[in-house]
Amino acid sequence: MRNFKDVIGQKQIIEHFQNAIQADKISHAYILNGEEGSGKKMLADIFSAVLQCEEKGIEPCGKCFSCRQAEGRNQPDIIWVTHEKPNSIGVEDVRGQVIGDIQIKPYKSSYKIYIIDEAEKLTLQAQNALLKTIEEPPIYGLILFLTTNSQAFLPTILSRCVTLNLKPVSGAEIRKYLMEMVKIPDYKADLCVAFAQGNLGKAIKLANSEHFDEVKRHALSMLRRIGEMELSELLTNLKEINEFKIDIEDYLDLMLVWFRDVLLFKVTNDVNVLVLKEELSNITKQAVRSSYEGLEEIITAIGKVKVRLKANVTFELAIELMLLTIKENL
């Protein structure tokens, strides 16, 4: 069974949880805030298991009946809240699975724990419905909200929860994990680290991707010629990435790695700072013909399109705006 020692990074959150357990000062509601792949589910699993563990330590023992149940996600007093609609968690979801159920005492544990994943999808009505439960919870009640955007919560919810923000994991820790645990070579680990930007889950996902080399070839082929390619051809190229079963956001991160390399080489003229060292010749060409300001504009534009796509802006419009910025600055 996994325990806190298996978590890469997030030492402050682990210390917070373990100190609260030792002092017997567990809050009735926590918000774990961090991007997808940052480790929220793992932390929630371990924290829940520790609280229900029969040994009452600061790590789950992994041997007691409760721990064995928790490992299989069938501990009756650890409830993962589900929702029918893919894009929202409605008032009926929380009334049926949390508000009504929390009044029933735990089956056999110290706590009754409710874990709401993708909690940014809670509707305003659902959040309002949860307010009274959070304000006046039964002594055994505990709700864990896992979210990629804590700003989606009402101020009244935020003020009644302990918010714990997951931090980016250091590149050295991610690189070590990928090489030792995922068993990938150093050059691939370096690219995954740069691509992940502190997100271990994202790094592991790329490292394990069957399409990694194909995606890399596709991206580099486009990026080498991006200054000469027509806008329509670039749009067609980016639409093709669905064939690789990789998210557009992940592909955009690969583009970020390229343009950061171009900017870093222009600033330092040092090949050792590059992630894509094998592309030195093409990176040099782009660095020579691009300005510092232009490269910064491109990097900003890629960041903006990621935000726009999350806000459900039309794919073609968001991508076209980004590509226009790239074309203008190369």
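As a starting point, this report considers the structure included with it. Computed from a predicted structure; not experimentally measured. (Residues numbered from 1 in each chain as written. Predicted model: local features only at pLDDT ≥ 70, side-chain atom pairs only at ≥ 80, totals over all residues. Heavy atoms only, no water.)

Counted according to the given criterion, the structure contains 16 salt bridges. Salt-bridge contacts for Glu118 lead to Lys121; the nearest nitrogen and oxygen are separated by 3.1 Å. In this structure Glu118 comes out as partly exposed when scored by relative accessible area, which is 30%. The closest approach of N and O atoms between Glu135 and Arg160, which form a salt bridge, is 2.9 Å. Note that Glu135 is positioned in helix H5 (residues 124-135) and Arg160 in the loop between helix H6 (155-158) and strand S5 (162-165), a separation of 25 residues in sequence. Owing to a relative accessible area of 28%, Arg160 belongs among the partly exposed residues under this scheme. It is possible to trace a salt-bridge network through shared partners that takes in Arg2, Asp45 and Arg73. (Salt bridge = Lys/Arg side-chain N within 4 Å of Asp/Glu carboxyl O. Buried < 20%, exposed > 50% of the residue type's maximum accessible area, 1.4 Å probe, protein only. Helix = DSSP H or I, 4+ residues; strand = E, 2+ residues; numbered from the N terminus.)

With that out of the way, let us pick up the pairing of strand S3 (residues 112-116). Side-chain positions along a regular strand alternate between the two faces of the sheet. Across the five residues of S3, five count as buried, placing the element largely inside the fold. What you see with S3 is no split at all: Lys112, Tyr114 and Ile116 on one side and Ile113 and Ile115 on the other are buried throughout. Pairing of strand S2 (residues 78-80) with S3, which is carried by three bridges, proceeds in the parallel orientation. Bridged to Trp80 within S3 is Ile115. (Pairing = 2+ DSSP bridges.)

We now examine empty space enclosed by the protein. A water-sized probe, rolled over the atoms, reveals where empty space remains. What the rule picks out here adds up to one cavity of 30 Å³ or more. Reported here for the largest cavity is a volume of approximately 50 Å³. If you go around the largest cavity, the residues you meet are Leu191, Lys216, Ala219, Leu220, Leu223, Leu254 and Leu276. Per-element tally for the lining of the largest cavity: the top contributor is helix H10 (residues 212-225), with four residues. Its residues assigned to classes, the lining of the largest cavity shows six nonpolar, no polar and one charged. (1 Å grid on protein atoms, 1.4 Å probe; cavity = no way out; pocket = protein on both sides within 12 Å on 5 of 7 lines; lining within 4 Å. Points joined across faces, edges and corners; volume = space filled by probe spheres on them. Nonpolar A, V, L, I, M, F, W, Y, C, P; charged D, E, K, R; others polar.)

The phi torsion at Gln10 lies on the positive side, around 60°, for a residue other than glycine. Here Gln10 shows up in the segment before helix H1 (11-23). Within the chain, Asn269 stands out as a residue other than glycine whose phi angle is a positive 55°. Structurally, the position occupied by Asn269 is in the loop between helix H12 (248-268) and helix H13 (280-289). The exposure class assigned to Asn269 is exposed, which follows from its relative accessible area of 60%.

Right, let's talk about H10 for a bit. Over its 14 residues, H10 runs 20 Å from end to end, which matches the ideal 20 Å to within 8%, given 1.5 Å per residue. Buried within H10 are the following residues: Phe212, Val215, Lys216, His218, Ala219, Leu220, Met222 and Leu223. Next to the buried residues of H10 lie helix H8 (186-196), helix H9 (200-207), helix H11 (231-239), H12 and H13. (Expected span 1.5 Å × (residues − 1). Contact = heavy atoms within 4.5 Å.)

Before going further, it helps to examine the layout of surface pockets. Estimated volume of the largest pocket: approximately 1,400 Å³. If you go around the largest pocket, you meet 38 residues; those closest to its centre are Glu35, Glu36, Gly37, Lys40 and Thr148. Of all the elements in the fold, those that place two or more residues in the lining of the largest pocket are helix H2 (40-52), H9, H12 and helix H14 (292-310). Looking at which element gives the most residues to the lining of the largest pocket, the answer is H9, with five residues. Across the lining of the largest pocket, the residue classes break down as eleven nonpolar, ten polar and 17 charged. A volume near 190 Å³ is recorded for the second largest pocket. Lining of the second largest pocket is provided by Glu35, Phe195, Ala196, Gln197, Lys202, Glu249, Asp253, Gly303, Lys306, Val307 and Lys310. Considering every element that reaches the lining of the second largest pocket, the biggest residue donor is H14, with four residues.

Before going further, it helps to spend a moment on the packing of aromatic side chains. Here the structure, examined in full by the defined rule, presents five aromatic pairs. With a centroid separation of 6.4 Å and an interplanar angle of 25°, the aromatic rings of Phe4 and Phe17 are classed as stacked. Linking Phe4 in the segment before H1 with Phe17 in helix H1, this pair joins segments that are 13 residues apart in sequence. Considered together, Phe4 and Phe17 belong to a single accessibility category, that of buried residues. Look at Phe17 and Phe47: their rings are 3.8 Å apart centre to centre, the planes differ by 10°, and that puts the pair in the stacked class. Taken together, the positions of Phe17 in helix H1 and Phe47 in helix H2 put the pair 30 residues apart, joining distant regions of the chain. Like Phe47, Phe17 is buried. Over the ring of Trp80 we find Arg73, and its NZ or CZ is 4.0 Å from the ring centre. (Phe/Tyr/Trp six-rings, centres within 6.5 Å; stacked < 30°, edge-to-face > 60°. Lys NZ or Arg CZ within 6 Å of the ring centre and 35° of its normal.)

In short, shape yes, function no, at least from these values alone.
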